[in-house]
Amino acid sequence: MSRIAIIGAGPGGLLLARVLHLHGIEAVVYERDASPTARTQGGMLDLHADTGQRALREAGLEAEFLTMARREGQDHRLLDHTGTVLLRQDTPDDAPLDRPEVDRADLRATLLGSLPPGAVAWDHGLERAEPLPGGRHRLHFCGGRTAECDLLVGADGAHSRVRPLVTDARPTPLGAHVVELGVPDLVRARPDLGALVGRGNYWAFGPGRSLSAQLNGDGRLRVYLTFQGPEDWPATCGIPFDDPARARPRLREQFADWAPEFTDLIDACDQTLTVRSLSTLPVGLAWDHVPGVTLLGDAAHLMPPSGEGANAALLDGAELGLALAADPHAPDTAAHHYERAMFPRAQEVARHSARIHEILMSPDAARRLVAILQPAQWES
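So, a few notes on the structure that sits alongside this text. Small disclaimer: the values here were computed from a predicted structure and weren't measured. (Residues numbered from 1 in each chain as written. Predicted model: local features only at pLDDT ≥ 70, side-chain atom pairs only at ≥ 80, totals over all residues. Heavy atoms only, no water.)

Time to look at the overall build of the protein. From N to C terminus, the protein includes 13 helices and 17 strands. Radius of gyration (C-alpha) of the protein: 21 Å, near the 21 Å computed for a compact globule of 380 residues. Its C-alpha atoms give the protein principal-axis dimensions of roughly 65 × 50 × 35 Å. Of all intrachain contacts in the protein linking residues separated by at least 6 positions in sequence, the fraction that spans at least 24 positions is 71%. Of the roughly 16400 Å² of accessible surface on the protein, a fraction of 51% belongs to carbon and sulfur atoms. If the 37 positive side-chain charges of the protein are averaged to one point and the 51 negative ones to another, these points end up 2 Å apart. (Helix = DSSP H or I, 4+ residues; strand = E, 2+ residues; numbered from the N terminus. Rg over C-alpha atoms; globule rule 2.2 N^0.38 Å. Contact = heavy atoms within 4.5 Å. Areas by Shrake-Rupley, 256 points an atom, 1.4 Å probe, with all protein chains shown as cover. Lys, Arg positive; Asp, Glu negative; His and termini not counted. Charge placed at Lys NZ, Arg CZ, Asp CG, Glu CD.)

The subject of this paragraph is the pattern of salt bridges. A side chain with one charge may pair with a side chain of the opposite charge, provided their charged atoms come close. Tallied over the entire structure, the rule returns 22 salt bridges. Here E180 and R276 are joined by a salt bridge, their closest N and O atoms 3.2 Å apart. Here E180 is found in strand β12 (residues 172-183), whereas its partner R276 is found in strand β16 (residues 274-280), with 96 residues between them in sequence. We classify E180 as buried; its relative accessible area is 9%. Put simply, D257 and R209 hold a salt bridge, and the shortest N to O gap is 3.1 Å. Separated by 48 residues along the polypeptide, D257 in the loop between α8 (244-254) and α9 (260-268) and R209 in strand β14 (residues 209-215) bring together distant segments of the chain. (Salt bridge = Lys/Arg side-chain N within 4 Å of Asp/Glu carboxyl O. Buried < 20%, exposed > 50% of the residue type's maximum accessible area, 1.4 Å probe, protein only.)

This part covers the pairing of strand β13 (residues 201-206). Most of β13 is tucked away, with five of its six residues classed as buried. As judged from the six bridges shared by β13 and β14, these two strands associate in the antiparallel manner. Within β14, the residue paired with G206 across the bridge is R209. A loop of two residues connects β13 with β14, the two strands running antiparallel in sequence, and G208 in this loop sits at a positive phi of about 75 degrees. (Pairing = 2+ DSSP bridges.)

Attention now moves to helix α12 (residues 331-360). In an α-helix, one turn spans 3.6 residues; hence positions three or four apart end up facing the same way. Over its 30 residues, α12 runs 41 Å from end to end, which matches the ideal 44 Å to within 8%, given 1.5 Å per residue. Considering bend angle alone, the principal kink of α12 is centred on M342 and spans about 30 degrees; proline P344 follows within four residues of it. (Expected span 1.5 Å × (residues − 1). Bend = angle between axes of the 7 residues up to and from the residue.)

Turning next to the packing of helix α1 (residues 11-22) against helix α4 (residues 104-113). Interaxial distance between α1 and α4 falls to 9 Å at its minimum, and their mutual angle equals 25 degrees. Judged by the angle between their axes, α1 and α4 are roughly parallel. The two elements α1 and α4 meet at a crossing, and its hand is left-handed. Contacts between α1 and α4 involve P11, L14 and L15 from the former and L107, R108, L111 and L112 from the latter. Residues of the contact of α1 with α4, tallied by class, amount to six nonpolar, no polar and one charged. (Axes fitted to C-alpha atoms, helices over the stretch in contact; angles between N-to-C directions. Parallel < 35°, antiparallel > 145°, perpendicular 65-115°, else oblique. Left-handed = near helix turned anticlockwise from the far one by under 90°. Nonpolar A, V, L, I, M, F, W, Y, C, P; charged D, E, K, R; others polar.)

Looking now at the sheet that holds strand β4 (residues 76-80). Strand pairing in a sheet relies on backbone hydrogen bonds. The paired strands run either parallel or antiparallel. Judged by pairing direction, the sheet is mixed, and its seven strands sit side by side in the order β5-β4-β13-β14-β15-β12-β16 without closing on themselves. Each end of this open sheet is capped by a strand with a single partner; those strands are β5 (85-89) and β16. Adjacent strand axes in the sheet meet at a mean angle of 15 degrees when their direction is disregarded. Relative to β13, β4 is paired through five bridges, and the arrangement is parallel. Bridge pairing in β13 links R77 to Y202. Those strands touched by α8 are β12, β14 and β15 (221-228), and its axis lies near 60 degrees from that of β15.

Turning next to the side chain of R108. Secondary-structure assignment places R108 in helix α4. Judged by its relative accessible area of 8%, R108 falls in the buried class. Apart from residues no more than four positions distant in its own chain, R108 is found in contact with A9, L14, E31, D33, P36, Q41 and W122.

Where burial is concerned, most of β4 is hidden: five out of the five residues are buried. Going residue by residue along β4, you find H76, L78 and D80 tucked away on one face and R77 and L79 tucked away on the opposite face as well. As paired strands, β4 and β5 are joined by four bridges and run antiparallel to one another. Across the sheet, the residue bridging to L79 is V85, located in β5. In this antiparallel pair of consecutive strands, β4 and β5, the connection spans four residues, and G83 shows a positive phi of 95 degrees.

If you trace the backbone, G10 turns up in the loop between β1 (4-7) and α1. When the C-alpha positions of G10 and H76 are compared, they lie 27 Å apart, and in sequence the two are 66 residues distant.

All right, on to the sheet that holds strand β17 (residues 293-295) then. One open sheet holds the five strands; their spatial order is β7-β2-β1-β11-β17, and the pairing between them is parallel. Looking along the sheet, the strands with just one partner apiece sit at the ends: β7 (120-121) and β17. Direction of pairing for β1 relative to strand β11 (residues 151-154): parallel, over a ladder of four bridges. Within β11, the position partnered with A5 by the bridge is L152.

Written out as structure tokens, the structure is:
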């Protein structure tokens, strides 16, 4: 079997490694994190039946998925900045698992636990990939370590080090910035806020800003404050993000004209704070196949957050793994076959995500989002 190197131990890269392992194909996942616990894995993912869930079935992990899926995570509460509830959807106990939520940490732990020892090489941050004759690549990692492979798979996210091998495309800023905060052990510590937010997704929209919250399976409420602004907004907005104790009161000031329940949420957050600026690759990005290298997930089709990105990455991993299993002695041919199917699928998903982002950033975002969610199968 040819040596396959996967850069990045995110959902897509690990899912690919799992499918390959099921089919007796060896691969190594190279990850820059020093260990599985080097950093937190973020909040929840809603896994769709025809993409993320399908990928887990192909990986033989359907039973594990059912143990971590949270049906109640499909609940929705949508408000405007005055606190007026515009839409409330509570999920019945017998509702189908069309888009249940799973903790990112649980998903990653499940994928890692499904791989043989040594399948992930931790503390291997890729610096560059050097093309060799015959489509092979020599990988140069931080610290001077090297490895060679017959097929290189870039599953290394928005700022992929592998992407430049196949395209000059670079992420473009979207003019939106997300500040993540959190309330630990919400239901026990603040039952009043727990009743306010509910079991699933909680969204509120106002001019130029939005607040969303999501209760994780571990009891932590993750709170996301989204601001519109230029690319350098985090550095020029005057909020000291490097000092969470000082930043939180300044963030609260940004919502001083909102209903008090929103500022109560911000006040209840702990000192954990993360800032992310959103960016996207061009919708419909494709490239002429380059021998010995391919991409999946955000490395291939970074898109605005809309619940589609992780699902697309998982399906990428499954489809590339199945293509390699169908032709294990010709990995480059299999990768080319995967790309031809992935490009139109990713284009459709990216176009949908761009539309959702445009709605969420619009002045009448709440009204437009209600129109999308209203036809759901259940409402209270």
